Amino acid sequence: MKLAPSVLSADFANLLNSCKKVENAGCEYLHLDVMDGHFVPNITFGAPIIKSLRKDIKMVFDAHLMITDPDKFIPDLVDAGCDIITVHQEACTHLHRTIQNIKSYNVKAGVVLNPATPVETIKHILPDVDMVLLMSVNPGFGGQKFIPEVLEKVKTLRKMIDERGLDIEIEVDGGVNSQNIKSLVDAGADVLVAGSAIFNNEDIDLAVMNLRNAVKGK
């Protein structure tokens, strides 16, 4: 199980310091929510901010593009230092082409599904991706309540991946906390995005430890 703290919930006035805290706490990925105010009703940040963080942060940069035309931004995000770039199935008219575009830059590519989008819609693209991100809230804002029906989607997707012998990480994003993280990992999730559950605590080390202990049933 890998933890991916979401920068969306970090202290933007002290962004580098916040990211260093989760890195020092042992989190593996840094989840970067790039929003355009069009695909989702919010605007966050882009390649320049990511590039500035890349100089001092060694974590895996996991960029989640909540934007209408992701292909336009992929070269800049690769140049900024992103290791994984995930795009929404709902935003890509030609999903296979977009995935191939990302992989042409020698970075990992993934596809994202909104809560209401069935996992069956991506069965034909699975052999081409490194990650599938399942949204467990509707995208666009941090601090939302976990949608429990997504748990069944994780189980279904895990079965689809395992039956085909594919090497794909399942990531879950939205409302992840110490109450539901064990059920998500038990269902087959590999990477858990946590924003409020980590950054809204004064003691980041303790927050991370509590999440890991929750997975162990402690």
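Residues numbered from 1 in each chain as written. Predicted model: local features only at pLDDT ≥ 70, side-chain atom pairs only at ≥ 80, totals over all residues. Heavy atoms only, no water.

A. Region of the structure containing the UniProt feature "binding site: a divalent metal cation" (unreviewed entry) in the protein chain. Residues annotated in UniProt with the feature "binding site: a divalent metal cation" (unreviewed entry) correspond here to H31, D33, H64 and D173. Their sequence span is 143 residues, while the largest C-alpha to C-alpha distance among them is just 10.5 Å; these annotated residues converge on one region. Within the element layout of this structure, D33 appears in strand 2 (residues 29-35). Among the polar contacts listed, one links the side chain of D33 to the side chain of S6, at a separation of 2.7 Å. With a relative accessible area of 9%, D173 lands in the buried category. Leaving out residues up to four positions away in the same chain, D173 has contacts with H31, D33, H64, L133, L134, M135, S136, V137 and V193. Engagement of the side chain of D173 in a polar contact is seen with the side chain of H31, the distance being 3.2 Å. (UniProt positions renumbered as here; feature names shortened; annotations may be inferred. Helix = DSSP H or I, 4+ residues; strand = E, 2+ residues; numbered from the N terminus. Polar contact = N/O pair within 3.5 Å; in protein donor to acceptor, adjacent residues only side chain to side chain. Buried < 20%, exposed > 50% of the residue type's maximum accessible area, 1.4 Å probe, protein only. Contact = heavy atoms within 4.5 Å.)

B. The arrangement of the packing of aromatic side chains in detail. Going through the model one piece at a time under the given rule, you end up with 1 aromatic pair. Ring geometry for F12 and F45: centres 6.1 Å apart, planes at 45 degrees, overall tilted. One end of the pair, F12, is in the loop between strand 1 (2-5) and helix 1 (15-24); the other, F45, is in the loop between strand 2 and helix 2 (47-54), with 33 residues separating them in the sequence. Its guanidinium or amino end placed over the ring of F61, R54 lies 3.7 Å from that ring's centre, counting from NZ or CZ. (Phe/Tyr/Trp six-rings, centres within 6.5 Å; stacked < 30°, edge-to-face > 60°. Lys NZ or Arg CZ within 6 Å of the ring centre and 35° of its normal.)

C. Seen up close, the sheet that holds strand 5 (residues 108-113). Strand order across the open sheet formed by 8 strands is 1-8-7-6-5-4-3-2, with parallel pairing between neighbours. A single partner strand is all that each edge strand has here, and the edge strands are strand 1 and strand 2. Along the sheet, successive strands turn relative to each other by an average axial angle of 25 degrees, direction set aside. Pairing of strand 5 with strand 6 (residues 131-135), which is carried by 4 bridges, proceeds in the parallel orientation. Directly across from G110, in strand 6, lies its bridge partner M131. Of the strands in this sheet, strand 4 (84-88) and strand 5 are in contact with helix 4 (residues 95-103), which crosses strand 5 at around 145 degrees. (Pairing = 2+ DSSP bridges. Axes fitted to C-alpha atoms, helices over the stretch in contact; angles between N-to-C directions.)

D. Spatial organisation of the UniProt feature "binding site: substrate" (unreviewed entry) in the protein chain. Mapped onto the present numbering, the UniProt feature "binding site: substrate" (unreviewed entry) falls at S6, H64, G140, F141, G142, G143, D173, G174, G175, G195 and S196. H64 sits in the buried class, given a relative accessible area of 0%. Here G140 shows up in the loop between strand 6 and helix 5 (150-163). Classification of G140 by relative accessible area gives buried; the value is 3%. With residues near it in sequence (within four places) discarded, G140 still touches M35, V40, N42 and M66.

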